[in-house]
Structures are given as C-alpha cells and as structure tokens.
Amino acid sequence: MATRRKVLGADYVDARVATTTPFSAPFQTLITEAAWGHVWSRDNWTRRERSMVTIALLAALGHYEEMVMHIKATKNTGATEDDIREALLHVAIYAGVPHANHAMKLASEALTSLKEA
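Worth saying up front: this structure is predicted, and the values here are computed from it rather than measured.

Caption draft 1: Quick look at the layout of surface pockets. Volume-wise, the largest pocket comes out at about 310 Å³. The wall of the largest pocket is formed by 14 residues, among which Arg4, Tyr12, Ile31, Glu66 and Met69 lie closest to the centre. Mapped onto the lining of the largest pocket, the elements with two or more residues apiece are helix H1 (2-8), helix H2 (10-18), helix H3 (25-39) and helix H5 (64-72). When residues of the lining of the largest pocket are assigned to their parent elements, the largest contribution, five residues, is made by H3. Broken down by class, the residue content of the lining of the largest pocket amounts to eight nonpolar, two polar and four charged. Size it by volume and the second largest pocket reaches roughly 190 Å³. Around the second largest pocket, the lining residues are Leu8, Tyr12, Val68, Met69, Lys72, Ala73, Lys75, Ser113, Leu114 and Ala117. For the lining of the second largest pocket, the secondary-structure elements that each account for two or more residues are H5 and helix H8 (97-116). No other element matches H5, which puts three residues into the lining of the second largest pocket. Split by residue class, the lining of the second largest pocket holds seven nonpolar, one polar and two charged.

Laid out in structure tokens, this is it:
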C-alpha cells in the first residue's frame, strides 16, 4: 500500500479504498499485493522507468483510463513529458498508430490538467 500511495498519491488511493465493497475487496487486495507490493516495489527499475513502460503498455492495449491515471501519477514517479511522448512513439510503431493517436490526445489533455493543477 505504501508504494501504491507513493505512485498514485494518497488522495487517489484513499478514494479507491473508500469505495471498496465486500465484492471488490478481493480485487483491491490482489492489485495492492501483486501490482504495487510486488511489481512496482522491485528495485530493478526506477519508478520513472516503470511509469514509462506502464503508460506504453496501457496505451498499446487501449486501456486509456488507466493510462491517464498513470500519466497523472508521473508527478510522483519522475517520468517527464518527454518520457511520455517517447513511450507513445514506441506505441505507434509497435502497437499501431490508432492506439498511439488516441493515447497522444488523452496524454496531452492529462498533461495540460497537471500544469493547471
């Protein structure tokens, strides 16, 4: 949970936890333990590197809502606007221009909202 809070921010995590129901609790436990407790907590890559890879994978798979969440989390991971652009350029070549095109639009909006915050 500590890593999840460091990456996504305490307010975001608290909001997700507050909406946890008996039905969704096992899923919250799964993602907290597997994604945040294991993958994001490994010391092989920096949070910046994990952030770039995560953004690229989410864009390539068309999981744009999650991608935007991770773009907003770059304020905590150290990934820069240049890093995000480079990750999405890779998406264009390796996963297709339509995915990257939509991801670039959403990324631009998310980056603008970060600057205005």
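Caption draft 2: Layout of the nonpolar core. The biggest cluster of nonpolar side chains holds 18 residues, and the ones touching the most others in it are Met67, Ile71, Ile84 and Leu88. Those elements that provide at least two residues to this core are helix H4 (47-60), H5, helix H7 (81-94) and H8. Beyond its immediate sequence surroundings of up to four residues, Ile84 is in contact with Ile55, Ile71, Thr74, Ala107 and Leu111. Within the second largest apolar cluster, seven residues are counted, among which are Val7, Val13, Trp36 and Trp40.

Analysis parameters
- Residues numbered from 1 in each chain as written.
- Predicted model: local features only at pLDDT ≥ 70, side-chain atom pairs only at ≥ 80, totals over all residues.
- Heavy atoms only, no water.
- 1 Å grid on protein atoms, 1.4 Å probe; cavity = no way out; pocket = protein on both sides within 12 Å on 5 of 7 lines; lining within 4 Å.
- Points joined across faces, edges and corners; volume = space filled by probe spheres on them.
- Helix = DSSP H or I, 4+ residues; strand = E, 2+ residues; numbered from the N terminus.
- Nonpolar A, V, L, I, M, F, W, Y, C, P; charged D, E, K, R; others polar.
- Core = buried A, V, L, I, M, F, W, Y, C linked by side-chain atoms within 4.5 Å.
- Buried < 20%, exposed > 50% of the residue type's maximum accessible area, 1.4 Å probe, protein only.
- Contact = heavy atoms within 4.5 Å.

Any functional reading would require information that these geometric values do not contain.
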